[in-house]
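# Examination of the molecular architecture
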Amino acid sequence: MAAQELPKELDLDNLVHLENMFVEYGREDGLVAGVRSGVIEGRVMGCEKGFELSREIGYYAGCAQLWKAFAQLDPERVSDKSLKKINSLLDLIHSFPRQNKLDDDVLALLDKIRGKFKTVASALQTAERYADAPKSKLFY
């Protein structure tokens, strides 16, 4: 029985290549798993943010519709100028997109709606404000 003779020198290039190969396989598996979990996480976050935006817009719409109904019931207490502001707020709210489109600047429109809401509330001398609205970054 002749024993198989082992090479006296180790081929380190093959070992380094083997390690790099396993690192690359692991990286590819990690990318696939990351994409899969990222899609799910992104969809969940999108639903949560969409719900928050819709709830805020719904609050503004409800207040504006109530103010408009109040103005129609008692026109002497609400000026024509305030009624125009209420209608302008309602127009902004109705222009808010209901579908997710990339070309719509939803946050800029939301800022306009927030500003118009504050203007109308001030004109009507009410202290209405959306409770979950982001706090102003301006401090006095």
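Note that the structure is predicted; figures quoted are calculated from it, not measured.

The next subject is the UniProt feature "domain: Essential protein Yae1 N-terminal" (unreviewed entry) in the protein chain. The feature "domain: Essential protein Yae1 N-terminal" (unreviewed entry), as given by UniProt, occupies residues 28-64 in the numbering adopted here. The span residues 28-64 shows a helical share of 100% and a strand share of 0%, and its end C-alpha atoms are spaced 53 Å apart.

The next subject is the packing of aromatic side chains. Inspection of the entire model under this criterion finds four aromatic pairs. An angle of 65° between the planes, with centres 6.0 Å apart, marks the rings of Y59 and Y60 as edge-to-face. Taken together, the aromatic side chains of Y59, Y60, W67 and F117 make up a single cluster linked through ring pairs.

So, on to the pattern of salt bridges. Pairs may arise between side chains of opposite charge once their charged atoms sit close together. A complete count under the given rule lists four salt bridges for this structure. The partner of K49 in a salt bridge is E52, with the nearest N and O atoms 3.5 Å apart. Here E52 and K49 lie together in helix α1 (residues 12-73), a separation of three residues that amounts to about one turn. Look at K49 and you get partly exposed, because its relative accessible area is 43%. Across the salt bridge formed by R114 and E56, the nearest N and O atoms sit 2.7 Å from each other. A residue pair is termed long-range when its members are at least 10 positions apart, and R114 in helix α3 (residues 106-123) and E56 in helix α1 qualify at 58 residues.

Rules used in this analysis
- Residues numbered from 1 in each chain as written.
- Predicted model: local features only at pLDDT ≥ 70, side-chain atom pairs only at ≥ 80, totals over all residues.
- Heavy atoms only, no water.
- UniProt positions renumbered as here; feature names shortened; annotations may be inferred.
- Helix = DSSP H or I, 4+ residues; strand = E, 2+ residues; numbered from the N terminus.
- Phe/Tyr/Trp six-rings, centres within 6.5 Å; stacked < 30°, edge-to-face > 60°.
- Salt bridge = Lys/Arg side-chain N within 4 Å of Asp/Glu carboxyl O.
- Buried < 20%, exposed > 50% of the residue type's maximum accessible area, 1.4 Å probe, protein only.

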